[in-house]
Every structure is written in structure tokens, then in C-alpha cells.
Amino acid sequence: MTDTDLNRRSVLARSAAVAGGVTAAATGLTTVASAPAEAAGRVRPTAGALVRPDDPRYPLLTTGNNQRYTSRPDYIRMVRSTQDAENALREAHRAGKRVSVRSGGHCFADLVCNPAVEVILDFSEMTAVDYDPAMRAFAVEPGARLLNIYEALYKGWGVTIPGGICYSVGAGGHISGGGYGLLSRAHGLVIDHLYAVEVVTVDRAGRVRTVVATRERNDPHRDLLWAHAGGGGGNFGLVTRYWFRSPDAFGREPGDQLVSPPSHVLVSAVDLPWSAVTEKSFARLLKNFGAWHEQNSAPDSPYRHLSSLFNVNAKAHGSLSAFTQVDATVPGARQLLDDYLTALLAGTGLTPRAMEKASGEIGYLPGLAEPRKMPWLTATRMVGTNNPTITDPNSRAVHKSGYMRENFSDTQIAALYRYMTRPDFQNPDTMLVLFSFGGRVNAVAPDATANAQRDSVFKMTFQTFWPDAKDDRFYLDWIRDLYRDFFAETGGVPTIGGRTDGCYINYADSDMADPAVNTSGIPWYTLYYKDNYAKLQQVKRRYDPADFFRHSLSVKPAKR
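Residues numbered from 1 in each chain as written. Predicted model: local features only at pLDDT ≥ 70, side-chain atom pairs only at ≥ 80, totals over all residues. Heavy atoms only, no water.

Asker: So what's going on with the overall build of the chain? Residues and values would help.
Answerer: Broken down by element type, the chain carries 16 helices and 19 strands. Against the compact-globule benchmark of 24 Å for 560 residues, the chain has a radius of gyration of 23 Å, which places it among compact chains. For the C-alpha atoms alone, the extent of the chain along its principal axes is close to 75 × 50 × 45 Å. Of all intrachain contacts in the chain linking residues separated by at least 6 positions in sequence, the fraction that spans at least 24 positions is 73%. As presented, the chain carries roughly 20,900 Å² of accessible surface, and 50% of it is formed by carbon and sulfur atoms. Across the chain, 62 positive and 57 negative side-chain charges occur, with their mean positions spaced 3 Å apart. (Helix = DSSP H or I, 4+ residues; strand = E, 2+ residues; numbered from the N terminus. Rg over C-alpha atoms; globule rule 2.2 N^0.38 Å. Contact = heavy atoms within 4.5 Å. Areas by Shrake-Rupley, 256 points an atom, 1.4 Å probe, with all protein chains shown as cover. Lys, Arg positive; Asp, Glu negative; His and termini not counted. Charge placed at Lys NZ, Arg CZ, Asp CG, Glu CD.)

Asker: Before we move on, could you go through the sheet that holds strand S3 (residues 99-102) and cite the residues and values that matter?
Answerer: Taken in spatial order, the four strands of this open sheet run S1-S2-S4-S3, and their pairing is mixed. The open sheet has two free edges, formed respectively by strand S1 (50-51) and S3, since each of these has just one partner strand. Sheet topology places S1 next to strand S2 (residues 75-78); two bridges connect them, and they run antiparallel. Following the sheet pairing, valine 51 is matched in S2 by isoleucine 76. This element, helix H5 (residues 82-94), spans S2, S3 and strand S4 (119-122) of the sheet and lies at about 155° to S2. (Pairing = 2+ DSSP bridges. Axes fitted to C-alpha atoms, helices over the stretch in contact; angles between N-to-C directions.)

Asker: Lay out the pattern of salt bridges in plain terms, naming residues and giving numbers.
Answerer: Summed over the entire model, instances satisfying the criterion amount to 31 salt bridges. Between glutamate 151 and arginine 381 there is a salt bridge whose closest N-O contact spans 2.7 Å. Remark: arginine 381 occurs in helix H12 (residues 376-385) and glutamate 151 occurs in helix H6 (residues 146-157); sequence separation between them is 230 residues. For glutamate 151, a relative accessible area of 15% translates into the label buried. For arginine 353, the salt bridge goes to glutamate 356, with nearest N and O atoms at 3.3 Å. When salt bridges with common partners are traced through the structure, they connect Lys400, Arg480, Asp509 and Asp511 into a single cluster. (Salt bridge = Lys/Arg side-chain N within 4 Å of Asp/Glu carboxyl O. Buried < 20%, exposed > 50% of the residue type's maximum accessible area, 1.4 Å probe, protein only.)

Below, the structure written as C-alpha cells:
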């Protein structure tokens, strides 16, 4: 029997099981789910392009959003369907090629583009977003960009997922790493709504199969779904489809299967000029931010409907910037926003003003010094598409992360002030991003998904962007020194427990796996996955025992 015959029979078996009221998971079958487009009788997509070094598209496809990372693969295979993914994987495996996997191209580290890669499997053409009635869930292909997902889900059914703000991030990596955004305090992480995943895998003997794993308790592949709920991309196989259905979904109407965003939100965007900031007011400002989040990040807090992105920019930028969004439909929404801004500025002597220019992930938003009410999707478009720094396809960058469970220490604030005001540092596109966290994110147990950080109150991203390769060493040294000094009290990294809680895998940082840089003695996998790493290794052993899918931060198979 050929693989194609097996796949067709599996589709029929799954369809019959669903029609009979029994999920395919309960049968123990390895299944291939029919795509919504195929179920509607549309023409199957043709095979994706094969791009070799002599193809004019080759230079574009050998790097991503961060120009620090490039590759010289033998070829790039564009993938357009599950069958296409099976064929591409079988071909690469038989040839003994080292592969990497790309959905959108926003990978912060060298996980996709690096000198060892011989084949890039690119899923950016798989962009469908649709409702699958057989699964009673919304199907999202890995190449769909976040803004397109929000548009399709909301316009079509009035629902959404609580994902990130950057419009061009691909679903594949964003989801597998956990996924969070301005709605996460109210609705949890993206993966908290993940119902199923379709993955093309290869065993030690080179046999390729497609597995559909759900969160149903009797699903024999349930652990594979668990691993993709925060276990990071490029680890276990080729994701060709995600399905979303909220845990508390009811009925059979599509609009009842996922959370709905607020119809309107209140948004505020302000600058705090560096010319008015002293070391004392800087410390008070950061302490205010930390204290507010410590006090107001419980899962049932009324402030779970408010989320803020605060850019602690380098002094060369000219100002610190804060973007805040609150659900305008909850009682007292304006008071919630006013109380937050008052608490943030208390005792600093700083007066907010309209934003003068773009600030990292926050675009130029001069008209929001006075909060404005607008439709949720309008606000999502506004902040998502107006961020030129992080989406500049010509920039080089470095990113580091940390979860905070408690307020900043004096040592941390002093280190941050020292580096952000260093006289020889004149790069305006540099910031520590502080992002509201907690709320419903923390209503989930740390072992319920692969994403283990479930009691933090805010998240941090250290990042800087620059245009020229000749400056790489200067910026890498600067941010590595800042990171080490910021976490000096815990060995140079955000240790697990106490004030901090490790790192976020979607802000991948290969330094954490380099003992010359990470001298803490804490393994990179503990920082990213905490106690969940051992289970991830077991999943890896079952679905990728030969460690075919690997990169600098990949899960290693358990030995037994």
C-alpha cells in the first residue's frame, strides 16, 4: 500500500468516525485531516516551487527578518499542502539533508537560517484560515500571518485568538512557542485555545506519516499536541495545520467555539521625554510599573482587561513610550486606564505627552495622548502595521528575554539606567520592552501545556537593531553585558524561582546554549522549559527518535 493510499483511507476513516460521533483520536489511528478548502470541493494546490541557488528568488529566501542570520542551502522547498510537506520531507530525508522549517520569517535566532542548513522547508504559502465543522474548530495553516488571522476570524465569525501585535509574524512559530498579546491577560495564551495540530513526522527508518493530535484525553497522540503548546518550533516535525477551540466552548455554532474580542477598546499612547528623566525618577517609574503588575495580575483581577506595552528606550531615542489598551465594554473602563497611568507616574514628576516618533514595536501614534475609543480590529491594525523598527527587513538585531514574577530589584534598575544612558551608546532603536502579563495566563497549571511560565506578572524583551554588519560586535557586546549585569544577582540569567522565571522560547537566544556566554551553570532548556523539558524529550523520542529536526535550541530525544 502506498503512502498516498494510506492517507486517503485515513481521511475516510476520520470522516466516518466524526460522522458517527466518535473522534478519530479515540480509534488510535494516525490520521490526515482534510483541509477545509478541500472539503469545500476546491482544487488541490499544486506542488510548491523548488528554489535553487541560480533562481532569482534564492537570496530572498535564504534569510529572514533578522539579517544577522543567513544560509546557503542546496535548495528551498516551498510547501503548499500536507501532501506537499510529506513529499518534501521524504525527499530531504532520503538524501540525508539537514533541514530547517520556516513559516513567517520572524525567527530571532539562527534556528532557520544558519550555515549547517542544506534545505529550508518554507510554509509561507500555506495561509488558509477557515472553520472545520468536522473538528468543531477553526483551522489555521502555519504560513498565515497574524493580522490575516485576526481579520479572517473576526470578520467571518466574530472571534479571535489572543495573539501578538506584530502583523507579519507567521502562525507556525508563534503558536508552537506559546503566543501572547494584548488580549492574553483576559483570555490566556494562544495555546490555551489550541485543540489540535497536524504534524508530518519521520521515524528512525525514514517512514513519513502525518499525525493529527488533539487534546482529547483518549487521544493516543495527545502528548504531541501538548508539546506543540509551547514547546517551540522546528522540534518534532512539520506542522501543516492548527485547530482552535476554547476549552469552555459550547454548542456547534462556529461563533461559540472561540473567544470574542471586545467590540471596542480604549487606547492610549504617550511619551515621557528623557530630558525630564533623572536616575531617581527612572527608578521610581520602573518600580511603579513592577508594583502595579504585582498587585493587579491575578486571574480574576478587574485589571485583566488592561494590557500595557512600555518601551524603556535608550536615551538616544529621546523618550520612553507606553501603549495601553483596555476593553472599553467593561464597566469603568476609563477609570481602569486612568488609575493605571496615575500609578505608573506616581512620584516621578514626569508629564506624559503625545508620541513624537515610532518606538520599537509601537508606531508613530501622535493622536492618542488623550485616550481614544475605537473598534478592536481598528486598534489591532493600527498598532500591528505601524511598527517599522521590528518589521524592517533590512535590519540586524539581537533579542533577549526574561519573565518577572516580582518587581525589579535596585540592582536591576541601576544596571538598566547605566546602559541606557551610556555616553558612547547612540542607537535610538534600542529598548527594554515591558509587556503586561499574568491574568488568565496564570490560571493554567505549569504542566498543562509545554509553556511552563504560569505565575509571572510581566515579560521583558531586551533588543537593539542596527543596519551594518561592521557594528555587530559592538551591539552584541553591549547587550550581552547589559543582560549579564541586569541579572547579576542570579548568575547573569533570569533563574527559575524567586524574582524571575526563565526565558521565552519565541524570543529565541542561542547565547543561552553557549557556555562561553551563559556562565550561570543553568542549562538553556531549564530556562525555557523548566520542569517540562523531560516530557518534551519523551515526545521527541517517540516522534523524531533520530533527531532529524534539530537546531541550536532544539529538544533532544530522551535516551529511553
